[in-house]
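Topology and contacts: notes
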Amino acid sequence: LTAAENRELETRMQKRQLKEFMSVIGNLVDTCFNSCINDFTSKALSGTETGCITRCVQKSMTTQARMAERFAEQNQAMAAEMQRKAQQ
Amino acid sequence: MSFFGLGRPQPTSAEKIAAVENELKMMADMHNRMTRVCSAKCVDKTYRESDLAKGEAVCLDRCSAKFFDVHAKIFDQIQKETTERMAAAGGGGGGGGGFGM
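Bear in mind that the values here come from a model prediction, so they are computed numbers and not experimental data.

So, the interface of chain A and chain B
If you look at the interface, chain A gives 30 residues, while chain B gives 34 residues. Across the interface of chain A and chain B, roughly 3,100 Å² is buried in total on both sides, 64% from carbon and sulfur atoms. A per-residue breakdown of the area chain A buries against chain B is headed by Lys59(A), Met67(A) and Phe71(A), which together make up 24% of the total. In this assembly, chain A and chain B are joined by seven salt bridges.

If you want it as structure tokens, here you go:
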């Protein structure tokens, strides 16, 4: 890719990353809400629920980070395997 | 990973960018699916702790390895089955062409 093409790609990647970020937040809200919020006898968030949400976000972010590491490793291994097969 | 071999017409700028973008998109999609699926299988949904437990972490690692393996296996199998089914249909279509007319 030329320098100009790289710049174009970078612009598109930035747009995509922003979209990605918004969807991560969306998923987090859905997941944590579904797991933590089950009591509708009050419209105010209880202390339990708030704590659950906080822990949910922290755990989800830790999980994401770990999965990113594993994904990079697995992806590399898969690419190496595909190259090996292609050369056979 | 290069898709473009010798002897083919040179891809346009737009095609090259699109190819890279698509590959990155597929990778991102796979990453998201893996995270979602493995979280559902491995992470305690009551969120009693904010840290990943050792058991959960190990489960996530194993899950990601299995996810990739399953992806590769299914990919290979689909390719194989498609080829076989198309071959069978090709052979059967010649014989079945005499139906109903």
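Topic: the nonpolar core
Judged by nonpolar contacts, the single largest core of 18 residues is most densely connected at Cys36(A), Met34(B), Cys38(B), Tyr47(B) and Leu60(B). Secondary structure elements with two or more residues in this core: helix 1 (3-36) and helix 2 (47-87) of chain A together with helix 1 (13-42) and helix 2 (54-96) of chain B. Those residues in contact with Cys38(B) that sit more than four places away from it in its chain are Met67(A), Val43(B), Leu60(B), Cys63(B) and Ser64(B).

A word on the packing of aromatic side chains
Going through the model one piece at a time under the given rule, you end up with two aromatic pairs over all chains. Their ring planes at 35 degrees and their centres at 6.5 Å tell us that Phe33(A) and Phe40(A) sit as a pair that is tilted. Accessibility expressed as a relative area gives 40% for Phe33(A), which makes it partly exposed. Residues Phe71(A) and Phe68(B) carry aromatic rings whose centres are separated by 5.4 Å and whose planes lie at 55 degrees to one another, so their mutual orientation is tilted. On the criterion of chain membership, the pair formed by Phe71(A) in helix 2 and Phe68(B) in helix 2 is interchain, its members lying in two chains. On the basis of relative accessibility, which here comes to 8%, the residue Phe71(A) falls in the buried class.

Considerations on the layout of surface pockets
Here the largest pocket is characterised by a volume of approximately 1,000 Å³. Asn75(A), Met78(A), Ala79(A), Met82(A) and His71(B) are, among the 26 residues lining the largest pocket, the residues nearest its centre. Within the residue set of the lining of the largest pocket, elements represented by two or more residues are helix 2 of chain A together with helix 1 and helix 2 of chain B. Here the lining of the largest pocket takes nine residues from helix 2 of chain A, the largest share from any one element. The volume enclosed by the second largest pocket comes to roughly 790 Å³. Lining the second largest pocket are 28 residues, with Asn27(A), Gln64(A), Asn32(B), Thr35(B) and Arg36(B) positioned closest to its centre. For the lining of the second largest pocket, the leading source of residues is helix 1 of chain A, giving 11 residues. Taken together, the residues of the lining of the second largest pocket break down into eight nonpolar, 10 polar and 10 charged.

Quick word on the pattern of salt bridges
What the rule picks out here adds up to 14 salt bridges over all chains. Close ionic contact of Lys59(A) with Glu56(B) constitutes a salt bridge, the shortest N to O distance being 3.1 Å. With Lys59(A) in helix 2 and Glu56(B) in helix 2, this residue pair bridges two chains. Assigned by exposure class, Lys59(A) and Glu56(B) land together as buried.

Rules used in this analysis
Residues numbered from 1 in each chain as written. Chains lettered and ligands numbered in written order. Predicted model: local features only at pLDDT ≥ 70, side-chain atom pairs only at ≥ 80, totals over all residues. Heavy atoms only, no water. Contact = heavy atoms within 4.5 Å. Buried area = accessible area lost by both parts, 1.4 Å probe. Salt bridge = Lys/Arg side-chain N within 4 Å of Asp/Glu carboxyl O. Core = buried A, V, L, I, M, F, W, Y, C linked by side-chain atoms within 4.5 Å. Buried < 20%, exposed > 50% of the residue type's maximum accessible area, 1.4 Å probe, protein only. Helix = DSSP H or I, 4+ residues; strand = E, 2+ residues; numbered from the N terminus. Phe/Tyr/Trp six-rings, centres within 6.5 Å; stacked < 30°, edge-to-face > 60°. 1 Å grid on protein atoms, 1.4 Å probe; cavity = no way out; pocket = protein on both sides within 12 Å on 5 of 7 lines; lining within 4 Å. Points joined across faces, edges and corners; volume = space filled by probe spheres on them. Nonpolar A, V, L, I, M, F, W, Y, C, P; charged D, E, K, R; others polar.

So yeah, pure geometry; function would need other evidence.
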